[in-house]
Amino acid sequence: MDTSENALLHGAKERIYLLKPNLGQLAAMIGVKTISYLTLKSYAGEVLLNNPCEVLVVSIGAQGALLFTKETAEYLAAPMVFQKSTIGVGDSMVAGMVFALAQGKSLPEMVKYGVACGSAATMTEGTQLCKKKDADELFGWILTHSSKSDNIRINTIGI
């Protein structure tokens, strides 16, 4: 689920497998004005504890995304691309993650493909969504160039 405001708050209370807020939307869910890297893990844990979703992916713009489950937390970096527009980035990211899940990819691979699709969407003009060719090329680049240090495991949440 990727939405905002009241729809996000009400939808999160339903049995959602994957919830994908951005950092601002996560802050609104928790009822705070800002979230720092130091508080992000505890807020994500709070969302997972208080809502029946299994996977929380917090998009953080050009920096990538954070993957949270009740067992783990992991940062996944985005590739640097020339951005033409940010319209439809979240939609492209979610579509990429759903596609990756349908292909049987692991959760970290799912987020990497979602990040690739979101990054590919920024390379298009106006309201165009991502192009699969661009997303596949970026995903290949992410897989080839990401190292263990790029995918930082953030100590177990321990919920």
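Note that the structure is predicted; figures quoted are calculated from it, not measured.

Enquirer: Outline helix α1 (residues 5-12), listing residues and values.
Expert: When we look at burial in α1, the residues that qualify are L8, G11 and A12. Projected down its long axis, α1 shows its buried positions confined to an angular sector of 95 degrees, all on one face. When the buried face of α1 is taken as reference, the exposed residues oriented beyond 90 degrees from it are N6 and H10. Looking at the buried side of α1, the elements it contacts are β1 (18-19) and α2 (23-30).

Enquirer: How would you summarise the environment of G140 if you had to cite specific residues and measurements?
Expert: Among the secondary structure elements, G140 is positioned in helix α6 (residues 132-145). Residue G140 is classed as partly exposed on the basis of its relative accessible area, which comes to 28%. Considering only alpha carbons, one finds G140 and A116, 24 residues apart in sequence, at a separation of 8.9 Å.

Enquirer: Give me the lowdown on the nonpolar core, citing residues and values where you can.
Expert: As a rule of thumb, soluble globular proteins bury nonpolar side chains together. Of all hydrophobic cores here, the largest spans 22 residues; its most connected members are L19, L26, V47, L56 and F68. Of all the elements in the fold, those that place two or more residues in this core are α1, α2, α3 (37-50), β2 (55-59), β3 (64-68) and β4 (73-77). When residues of this core are assigned to their parent elements, the largest contribution, five residues, is made by α3. Setting aside anything within four residues of it in sequence, one finds V47 in contact with L19, L26, M29, I30 and L56. Residues L76, V94, M110 and A116 belong to the second largest nonpolar core, which totals 21 residues.

Enquirer: Could you give me a rundown of the packing of α2 against α3, with the residues and numbers involved?
Expert: Put simply, α2 and α3 touch, their axes get as near as 10 Å, and they point 60 degrees apart. Relative to α3, α2 is oriented oblique. As α2 runs across α3, the sense of the crossing is left-handed. Contacts between α2 and α3 involve L23, L26, M29 and I30 from the first element and L40, Y43, E46 and V47 from the second.

Reading the values: rules and limits
Residues numbered from 1 in each chain as written. Predicted model: local features only at pLDDT ≥ 70, side-chain atom pairs only at ≥ 80, totals over all residues. Heavy atoms only, no water. Buried < 20%, exposed > 50% of the residue type's maximum accessible area, 1.4 Å probe, protein only. Helix = DSSP H or I, 4+ residues; strand = E, 2+ residues; numbered from the N terminus. Arc of directions from axis to C-beta. Contact = heavy atoms within 4.5 Å. Core = buried A, V, L, I, M, F, W, Y, C linked by side-chain atoms within 4.5 Å. Axes fitted to C-alpha atoms, helices over the stretch in contact; angles between N-to-C directions. Parallel < 35°, antiparallel > 145°, perpendicular 65-115°, else oblique. Left-handed = near helix turned anticlockwise from the far one by under 90°.

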